[in-house]
Amino acid sequence: MAATDVVPHWLGRVLRACAALFGGLLAAGTAKAVDLPEDRAEAMIHVYDGGGVKAIGPAVLVRKRFAERYSLSASYYVDAVSNASIDVVTTASPFKERRTAVDLTLDHVVRDGIVSVGLSHSKEPDYVAQAFSLDTSQEVFGGMTTVSVGFTRAVDKVGKANEAAWADEVTHWQWRAGITQILSPRWIASANFEAISDSGYLGSPYRVARVFGAAVPERNPRTRTSRAIKLRVIGDLGSRDAVRAEARFFSDTWAIKASTVEAGYSRYFGNPSGNRWLADGFVRAHSQRKALFYSDNASTETIYISRNRQLSTFKSTSLGGRVTYALGRVGSRFDVKLVGSYERVAFRYKDFTDVRTGAPYSFNANLLQVFASANF
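Because the structure is a prediction, the values reported are computed rather than measured. (Residues numbered from 1 in each chain as written. Predicted model: local features only at pLDDT ≥ 70, side-chain atom pairs only at ≥ 80, totals over all residues. Heavy atoms only, no water.)

(A) Up close: the overall build of the chain. A count of helical and extended segments in the chain gives three helices and 18 strands. Its C-alpha atoms give the chain principal-axis dimensions of roughly 70 × 50 × 40 Å. Pairs at least 24 apart in sequence give 57% of the contacts found in the chain among residues at least 6 apart. Where the 47 positive side-chain charges of the chain centre and where its 36 negative ones centre are 2 Å apart. (Helix = DSSP H or I, 4+ residues; strand = E, 2+ residues; numbered from the N terminus. Contact = heavy atoms within 4.5 Å. Lys, Arg positive; Asp, Glu negative; His and termini not counted. Charge placed at Lys NZ, Arg CZ, Asp CG, Glu CD.)

This is the structure we're talking about:
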């Protein structure tokens, strides 16, 4: 069956235009074709509990190949949020809300490269976000190197509960590029760079700052540009062990600087010939320097002022693990895996005070995920 029998003509033109846009990469390919992701279905339950915020909900994903060179994936994500964070309990009343997100991605093979077009939509009672993304990845040098580039354009509509007349918006541009290199039969390294430009309402209509101890509305700049680079290396230590290490460095025009380092170890265990069980553990450390206009309790009135703890100076450490059990074939079509993961995160703030105690604020958070994945 020809691709045009399944794919609408307008979508085929869009994908061909995308391929032409990144033609410098795709033209470097050979005649062979890369493999599309396998047909897969996933179902997950996630639970987050920390800092007075609880979120629980399901997520599902389905990916299916068709017309030989195309793959379509769709995901649906729900959060039932109960919010009693320190910002809420000290300046407002605890509340509950529901968040939903839908993502669609279409992958198209062009020689030994893949072009991906994505759409996403998420909705909360007072916040709606929509995004369009375009990415391509290309194998070069005989498949030893993979180069990827892409961008995302997003527009968010911001509202305020119980104030229908209050409305604003924010736009986002994200540009990204990366390279993955096979160093040896057992080692792989990658480097990824991204630049993000935000404009519009970049604060919260509910959050307040403090000046001489008095509460004033938060005032953030309406533009922000940020850059980040992430380096990663993965090594196979043998038939049953692997390690990974990564580092990410971030800076922006608000004078925020942050760094994250992570190390992980994976091992198959159980029956040596079966490799049904896979355990993965990791530790992560993150540190951040505050924004230029952040203040816990400002002593002067300035154009911009914020007491958003996400813009403050803080550190966090994480310890987590995941266990995967390969159930194997179920029926004649499905290759099933069961996965459970847990992460414990400790947040410690240096210059954000808990006004109830007068001490620097800190809290611990727990993240639990349980899901099933089936290739078919």
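(B) Inspection of the pattern of salt bridges at higher detail. Under the counting rule described, the total for this entry stands at 25 salt bridges. Ionic pairing is found between R307 and D296, a salt bridge with its closest N-O pair at 3.0 Å. Within this pair, whereas R307 is found in the loop between β15 (277-289) and β16 (314-330), its partner D296 is found in the loop between β15 and β16, the two being separated by eleven residues in sequence. Each member of the pair, R307 as well as D296, carries the same accessibility label: buried. Three or more residues joined by partner-sharing salt bridges are found here, namely R244, E262, D280, R284 and E343. (Salt bridge = Lys/Arg side-chain N within 4 Å of Asp/Glu carboxyl O. Buried < 20%, exposed > 50% of the residue type's maximum accessible area, 1.4 Å probe, protein only.)

(C) Focus on the layout of surface pockets. Taken as a whole, the second largest pocket spans an internal volume of roughly 290 Å³. Around the second largest pocket, the lining is made up of 18 residues, and of these Y268, L278, R322, T324 and K337 lie nearest the centre. Counting only elements with at least two residues in the lining of the second largest pocket, the list comes to β13 (241-252), β14 (257-269), β15, β16 and β17 (334-354). When residues of the lining of the second largest pocket are assigned to their parent elements, the largest contribution, four residues, is made by β16. (1 Å grid on protein atoms, 1.4 Å probe; cavity = no way out; pocket = protein on both sides within 12 Å on 5 of 7 lines; lining within 4 Å. Points joined across faces, edges and corners; volume = space filled by probe spheres on them.)

(D) Spotlight on the pairing of strand β2 (residues 53-66). As judged from the eleven bridges shared by strand β1 (residues 40-50) and β2, these two strands associate in the antiparallel manner. Along β2, the bridge assignment pairs I45 with P58. Taking the residues that link successive antiparallel strands as the turn, the β1-β2 hairpin has two residues, and the phi of G51 there is positive, at about 65°. Relative to strand β3 (residues 70-83), β2 runs antiparallel, the two being bridged by twelve bridges. Considered in β3, the bridge of R63 is made with S73. The antiparallel hairpin formed by β2 and β3 contains three residues in its connecting segment, where A67 sits at a positive phi of about 50°. (Pairing = 2+ DSSP bridges.)

(E) Structural view of a nonpolar patch on the surface. A cluster of nonpolar side chains, contributed by V60, Y76, V102, L104, L119 and F132, occupies part of the molecular surface with about 470 Å² of accessible area. The residue F132 is located in strand β6 (residues 127-140) in this model. (Patch = residues over 30% accessible without salt bridge, like charges linked within 9 Å, V, L, I, M, F, W, Y side chains within 5 Å. Areas by Shrake-Rupley, 256 points an atom, 1.4 Å probe, with all protein chains shown as cover.)

(F) Representation of the nonpolar core in the model. In this structure, A291, L311, F347 and Y349 are the most contacted members of the largest nonpolar core, which totals 22 residues. Elements with a contribution of two residues or more to this core: β17 and β18 (359-375). Sequence-distant contacts of A291, defined by excluding residues within four places in its chain, comprise W254, I256 and L311. (Core = buried A, V, L, I, M, F, W, Y, C linked by side-chain atoms within 4.5 Å.)

(G) Up close: the packing of aromatic side chains. For the coordinates displayed, the defined rule picks out 18 aromatic pairs. Both rings, one in W173 and one in W175, keep their centres 6.1 Å apart while their planes meet at 5°; by these two values the pair is stacked. Of the aromatic side chains, those joined through ring pairs into one cluster are F314, F347, Y349, F352, Y361 and F363. Above the face of the W254 ring, R224 is positioned so that its terminal group lies 4.4 Å from the ring centre. (Phe/Tyr/Trp six-rings, centres within 6.5 Å; stacked < 30°, edge-to-face > 60°. Lys NZ or Arg CZ within 6 Å of the ring centre and 35° of its normal.)

(H) Representation of unusual backbone geometry within the structure. One non-glycine residue, R111, lies in positive phi territory at about 55°. Turning to its location among the elements, R111 is positioned in the loop between β4 (95-110) and β5 (113-124). Positive phi is not limited to glycine here, since N162 has a value of about 70°. Here N162 lies in the loop between β7 (145-159) and β8 (167-184). A relative accessible area of 82% places N162 in the exposed class.

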